[in-house]
Amino acid sequence: MDRAILRGGVSIGILTNFTLTAQLFSGHCPADQPPEPPRITPEQAAIQSAESRNVKLTKEITKKDERIQALEDEIKVLKKAKNPTAKKWKTFEATAYTAFCAEGCTGITKTGVDVSHSIYYEGARVIAVDPSVIALGSTVEVRLADGSSFRAKAIDTGGAIKGARLDLLVANEADAVQFGRQSVELRVIK
């Protein structure tokens, strides 16, 4: 009888080990299996996918917005650097003169430019200014009372041109008389 019990005990033990081993290899051991992931519906999956795309798009848009802002800031800096001496409009009293007269006119400006054949220098009208107010060589914009405007180059001076005054070079005396004396707005461009 001792043999039968021993055999029966060994047999049960071998069977139990065999059963556990088989469960482990087949993946059916309840203690070692990971929990099943929660199941989601197709609608929930679509929502999660859309949210993921939205996050990615939001990041891309934010990066592009930051780049746009950086470029706009750079443009502002470049505009200021291009025009560092630009000033606000100031009121000046303007008259006109000519360098094309029979006597007393040399046609040579204070800066040495010969204007005896043209009222333009470097594509701008020639004006005489007070160098203590407008630096010689400056390019300015002049706005007349009628709203029209033109660019001018400050390359001449005049004995009567003091303070906020300017003298516009014109082609002849008749044009100077017609221009007369008028109030204009002026700002320095460069």
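Residues numbered from 1 in each chain as written. Predicted model: local features only at pLDDT ≥ 70, side-chain atom pairs only at ≥ 80, totals over all residues. Heavy atoms only, no water.

Draft legend 1. The arrangement of the overall build of the protein in detail. Scanning the protein from terminus to terminus reveals 3 helices and 7 strands. In the protein, the succession of α and β elements from N to C terminus is α-α-β-β-β-β-β-β-α-β. For the protein, buried positions account for 24% of its 190 residues. For the protein, long-range pairs separated by at least 24 residues make up 73% of all intrachain contacts whose partners lie at least 6 apart in sequence. Total accessible area computed for the protein in this model is approximately 13900 Å², and 58% of it derives from carbon and sulfur atoms. (Helix = DSSP H or I, 4+ residues; strand = E, 2+ residues; numbered from the N terminus. Buried < 20%, exposed > 50% of the residue type's maximum accessible area, 1.4 Å probe, protein only. Contact = heavy atoms within 4.5 Å. Areas by Shrake-Rupley, 256 points an atom, 1.4 Å probe, with all protein chains shown as cover.)

Draft legend 2. Summary view of the packing of aromatic side chains. Enumeration according to the criterion identifies 0 aromatic pairs in this entry. When the ring centre of Phe-150 is taken as reference, the NZ or CZ atom of Arg-125 above it lies at 5.6 Å. Just above the ring of Trp-89 sits the side chain of Arg-143; from NZ or CZ to the centre is 3.9 Å. (Phe/Tyr/Trp six-rings, centres within 6.5 Å; stacked < 30°, edge-to-face > 60°. Lys NZ or Arg CZ within 6 Å of the ring centre and 35° of its normal.)

Draft legend 3. Expanded view of unusual backbone geometry. Notably, Glu-122 is not glycine yet its phi reads approximately 55 degrees, a positive angle. Tracing the chain through its elements places Glu-122 in the loop between strand E2 (120-121) and strand E3 (124-129).

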